[in-house]
Amino acid sequence: MPIADIAIICALKLEADAVRQHLKELSEFQLGPYQCYYGHVERPGDDRYPLVRIAVLLLDRMGNLASLHAATLLLREVYPQHILLVGICGGFKRVKPSYKHGDIVVSDRVFYYEPQKQKPTGPENRGRELFWSSNSKGKYLQSPLCALAEMNRDGVPMLQVDTNLIKVSCPGEDTARYKPTTHVGVVCSGEKLVADRTFVNELLTLNPKAISVEMEAAGIATACLGTNTSFLVVKA
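Computed from a predicted structure; not experimentally measured. (Residues numbered from 1 in each chain as written. Predicted model: local features only at pLDDT ≥ 70, side-chain atom pairs only at ≥ 80, totals over all residues. Heavy atoms only, no water.)

A. Seen up close, the nonpolar core. Residues Ile9, Leu31, Leu57, Leu59, Ile83 and Ile220 are the most contacted members of the largest nonpolar core, which totals 31 residues. Taken together, the elements giving at least two residues each to this core come down to strand E1 (6–10), strand E2 (24–31), strand E3 (34–42), strand E4 (51–58), helix H2 (64–77), strand E5 (82–87), helix H5 (217–224) and strand E13 (230–235). The residues contacting Ile83, other than those within four sequence positions of it, are Ala7, Ile9, Ala71, Leu75, Ile220, Cys224, Thr229, Ser230, Phe231 and Leu232. In terms of nonpolar packing, the next biggest core, distinct from the first, is built from 13 residues, Ile6, Val19, Leu84 and Val86 among them. (Core = buried A, V, L, I, M, F, W, Y, C linked by side-chain atoms within 4.5 Å. Buried < 20%, exposed > 50% of the residue type's maximum accessible area, 1.4 Å probe, protein only. Helix = DSSP H or I, 4+ residues; strand = E, 2+ residues; numbered from the N terminus. Contact = heavy atoms within 4.5 Å.)

This is the structure:
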């Protein structure tokens with residue numbers, strides 16, 4: 001079984017294909033029920049990390065149960081220092097009016113919105129926020145990956161997108177003029193494929209700092225709790 005510095009989890013094949021085309025010396029392996037790919041990226045001029053080994057795992061289904069199981073297997077067999085969740089998500093335009101197709105969302109924490117207590121007066125939400133790791137106690141772990149989501153003095157995310165790597169045009173956008181923007185904030189995660197503005201408003205009532213919603217981040221965050229492995233959501 002290969003050893004990776006970074007593991008990347010994708011829920012859809014088109015997401016995994018987009019990632020693996022940037023890996024050198026690409027090979028394939030199977031991890032439980034999951035199709036995986038292994039390769040590396042080179043970092044010329046970086047004496048500390050000249051080469052980064054990367055494993056890409058394609059989930060067999062969407063949802064946090066699948067991502068929890070997959071991340072647990074990666075931690076046990078591949079030993080990544082960091083796990084990234086990469087793919088597509090739904091952005092909250094009410095919070096970020098400047099959102100455009102293709103903009104990048106980076107998590108500074110994950111809000112798992114599903115837990116509830118069912119009471120005679122109706123459901124009482126008991127959602128919880130998940131940070132980089134239980135070791136961080138609400139603060140970023142001291143790792144190169146987690147530092148990417150911090151802001152500089154001007155409030156601009158330190159993680160920026162190399163637009164030269166983007167080969168697919170954004171729907172409804174003039175690719176020649178369009179440059180993606182990076183947004184950092186709370187990512188909502190649950191078991192619902194959300195396409196309802198009323199439900200989005202409910203999520204924002206529960207967590208006004210939320211900027212997007214998706215279906216796998218809480219599972220990965222849970223798997224990383226109590227470990228020295230950090231996680232990050234990077235979605236568009």
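On we go.
B. Representation of the pattern of salt bridges in the model. Applying the stated criterion across every chain yields a total of 13 salt bridges. In this structure, the salt-bridge partner of Arg61 is Asp60, at a minimum N-O distance of 3.0 Å. When its relative accessible area of 44% is taken as the criterion, Arg61 is described as partly exposed. You can call Asp60 partly exposed: its relative accessible area is 43%. For Arg126, the salt bridge is made with Glu124, and the minimal N-O distance between the two is 3.1 Å. Among the ionic contacts, a cluster of salt bridges with common partners joins Lys13, Asp17 and Arg20. (Salt bridge = Lys/Arg side-chain N within 4 Å of Asp/Glu carboxyl O.)

C. How the structure looks around the environment of Glu15. Residue position: Glu15 is located in helix H1 (residues 13–20). Assessed through its relative accessible area of 7%, Glu15 is described here as buried. Measuring from C-alpha to C-alpha, the distance between Glu15 and Lys235 comes to 9.9 Å, with 220 residues separating the pair along the chain. Leaving out residues up to four positions away in the same chain, Glu15 has contacts with Cys10, Val86, Gly87 and Ile88. Looking at Glu15, its side chain comes within polar contact range of the main-chain nitrogen of Ala11, at 3.0 Å. (Polar contact = N/O pair within 3.5 Å; in protein donor to acceptor, adjacent residues only side chain to side chain.)

D. Spatial organisation of H5. A large share of H5 lies buried, amounting to 7 of its 8 residues. Among the residues of H5, Ala217, Ala218, Gly219, Ile220, Ala221, Ala223 and Cys224 are the ones counted as buried. Among the residues trailing H5, Gly226 stands out with phi positive, at a value near 80°.

E. Geometry of the pairing of E4. Burial within E4 is extensive, with 6 of its 8 residues counted as buried. Alignment of E1 against E4, held across 5 bridges, turns out to be parallel. Bridge pairing in E4 links Ala7 to Ala55. (Pairing = 2+ DSSP bridges.)

F. View of the packing of H2 against H5. Put simply, H2 and H5 touch, their axes get as near as 7 Å, and they point 35° apart. When you trace H2 past H5, the crossing you get is right-handed. Along its contact with H2, which presents Asn64, Ser67, Leu68, Ala71, Thr72 and Leu75, the element H5 presents Ala217, Ala218, Gly219, Ile220, Thr222, Ala223 and Cys224. When grouped by side-chain class, the residues that make up the contact of H2 with H5 number 8 nonpolar, 5 polar and no charged. (Axes fitted to C-alpha atoms, helices over the stretch in contact; angles between N-to-C directions. Left-handed = near helix turned anticlockwise from the far one by under 90°. Nonpolar A, V, L, I, M, F, W, Y, C, P; charged D, E, K, R; others polar.)

G. Spatial organisation of H2. Given a rise of 1.5 Å per residue, 14 residues ought to cover 20 Å, and the 20 Å separating the end C-alpha atoms of H2 matches this to within 8%. Phi turns positive one or two residues past the end of H2, at Tyr79, with a value near 60°. (Expected span 1.5 Å × (residues − 1).)

H. Quick look at the packing of aromatic side chains. Counted by the stated rule, this structure contains 1 aromatic pair. With 5.6 Å between their ring centres and 70° between their planes, Tyr113 and Phe199 make a pair best called edge-to-face. Of this pair, Tyr113 sits in the loop between strand E7 (104–112) and strand E8 (116–119) while Phe199 sits in helix H4 (residues 197–206); the two residues are 86 residues apart in sequence, bridging distant segments of the chain. Residues Tyr113 and Phe199 agree in their burial class; the two are buried. Above the ring of Tyr37, the side-chain terminus of Arg20 is found at 4.4 Å from the ring centroid. (Phe/Tyr/Trp six-rings, centres within 6.5 Å; stacked < 30°, edge-to-face > 60°. Lys NZ or Arg CZ within 6 Å of the ring centre and 35° of its normal.)

I. Representation of the confidence of the model for the protein chain in the model. Across the protein chain, the average pLDDT comes to 82, with 80% of residues at or above 70. Mean pLDDT values over the elements of the protein chain span from 40, in helix H3 (residues 144–147), up to 97, in H2. In this model, residues 133–160 is a region of pLDDT below 50 whose contacts with residues beyond four sequence positions or in other chains number 54 contacts. (pLDDT = per-residue confidence, 0-100.)

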